[in-house]
Amino acid sequence: MKTSILTVVALTICLIASAQSNNDYLELARDAIKVEKKAAITEAMQLTEAESQPFWSLYNEYESKLYPIQNKRIDLIKTYAERYEMLTNDKADELWTNYMSYQKELLTVKSTYYKKFKKILSPGKAVRFMQTENKIETLINAQLALEIPLVETVR
């Protein structure tokens, strides 16, 4: 799981930088991540036949709720990349405030859907799903942390 997702994440980060001129590449990378993520979740969840249909139906709904939130994160990264060399303190503050807003939205969706997953799966399997989500997100965050430089502002 780790190697293939990291490869796709690295590709996505490279494409985010060039996505300013061509969002098609970004969507291709997102599709690749989606396929890798689904394979990793399939492997981790070990669903029974009875669990499979309700889980994947709710999973698709969950992913559709995450998509616009993930767009906000991508927009933040793009904005940071565009302004990195001339980043003012005010813009840095605005970007961080928007990042915190993104995190709150993400947490709200996760919290809402954890409750929904507990209704169709045992609590243990619902936690397993959220753990898997968090592990994948952590891999993505780690790669982003390596690629995105720390803030340096101009006066």
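Refer to the preceding data block for the structure.
Residues numbered from 1 in each chain as written. Predicted model: local features only at pLDDT ≥ 70, side-chain atom pairs only at ≥ 80, totals over all residues. Heavy atoms only, no water.

Novice: Looking at this structure, how should I read the overall build of the chain?
Specialist: A tally of regular secondary structure across the chain gives 5 helices and 0 strands. Its helices and strands in sequence order give the chain the pattern α-α-α-α-α, from N to C terminus. Counting every position in the chain, which comprises 155 residues, the buried fraction comes to 35%. If you take every contact in the chain between residues at least 6 apart in sequence, the share linking residues at least 24 apart comes to 77%. (Helix = DSSP H or I, 4+ residues; strand = E, 2+ residues; numbered from the N terminus. Buried < 20%, exposed > 50% of the residue type's maximum accessible area, 1.4 Å probe, protein only. Contact = heavy atoms within 4.5 Å.)

Novice: Even after reading the chapter, I still don't get the packing of helix α4 (residues 89-120) against helix α5 (residues 123-147), so can you show me in this structure?
Specialist: Where α4 contacts α5, the axes come no closer than 8 Å and their chain directions differ by 150°. When the axis of α4 is compared with that of α5, the two are roughly antiparallel. Read as a crossing pair, α4 and α5 show a hand that is right-handed. Where α4 approaches α5, its residues Leu106, Lys110, Tyr114, Phe117 and Lys118 are matched on the opposing element by Pro123, Ala126, Val127, Phe129, Met130, Asn134 and Glu137. Split into classes, the residues belonging to the contact of α4 with α5 amount to 8 nonpolar, 1 polar and 3 charged. (Axes fitted to C-alpha atoms, helices over the stretch in contact; angles between N-to-C directions. Parallel < 35°, antiparallel > 145°, perpendicular 65-115°, else oblique. Left-handed = near helix turned anticlockwise from the far one by under 90°. Nonpolar A, V, L, I, M, F, W, Y, C, P; charged D, E, K, R; others polar.)

Novice: How should the packing of helix α3 (residues 49-83) against α4 be read in this particular structure?
Specialist: What describes two packed helices is the angle between their axes and the distance between those same axes. Remark: α3 packs on α4, axes separated minimally by 10 Å, with the N-to-C direction vectors making an angle of 175°. Comparing their axes, α4 and α3 come out roughly antiparallel. Among the residues making up the contact of α3 with α4, the classes are represented as 17 nonpolar, 2 polar and 9 charged.

Novice: Would you take a moment to explain the pattern of salt bridges for this structure?
Specialist: Opposite charge on two side chains permits them to pair, given that their charged atoms come into close proximity. Across all of its chains, the model carries 7 salt bridges by this definition. We note a salt bridge from Lys37 to Glu133, for which the minimum N-O separation is 3.0 Å. Of this pair, Lys37 sits in helix α2 (residues 23-45) while Glu133 sits in helix α5, and the two are 96 residues apart along the sequence. When sorted by exposure, Lys37 lands in the same class as Glu133, which is buried. Across the salt bridge formed by Glu105 and Lys72, the nearest N and O atoms sit 2.7 Å from each other. On the criterion of sequence distance, the pair formed by Glu105 in helix α4 and Lys72 in helix α3 is long-range, its members being 33 residues apart. Through salt bridges with shared partners, a single network forms among Lys37, Glu63 and Glu133. (Salt bridge = Lys/Arg side-chain N within 4 Å of Asp/Glu carboxyl O.)

Novice: Could you clarify how one ought to interpret the packing of aromatic side chains in this entry?
Specialist: What characterises a pair of aromatic rings is the spacing of the ring centres plus the angle enclosed by the ring planes. Following the criterion strictly, the structure yields 13 aromatic pairs and no others. Ring geometry for Trp56 versus Tyr59: centroids 5.1 Å apart, planes at 80°, classification edge-to-face. On the criterion of helical spacing, the pair formed by Trp56 and Tyr59 is a turn pair, its members being 3 residues apart in helix α3. Here the two residues Trp56 and Tyr59 agree in accessibility, since each one is buried. Between Tyr62 and Phe129, the aromatic rings sit 5.6 Å apart at their centres with planes inclined by 75°, giving edge-to-face as the arrangement. Here Tyr62 is found in helix α3, whereas its partner Phe129 is found in helix α5, with 67 residues between them in sequence. The same class applies to Tyr62 and to Phe129, which are both buried. Pairwise contacts between aromatic rings join Phe55, Trp56, Tyr59, Tyr62, Tyr113, Phe117 and Phe129 into one cluster. Positioned above the aromatic ring of Tyr67 is the side chain of Arg30, whose terminal nitrogen or guanidinium carbon lies 3.9 Å from the ring centre. (Phe/Tyr/Trp six-rings, centres within 6.5 Å; stacked < 30°, edge-to-face > 60°. Lys NZ or Arg CZ within 6 Å of the ring centre and 35° of its normal.)

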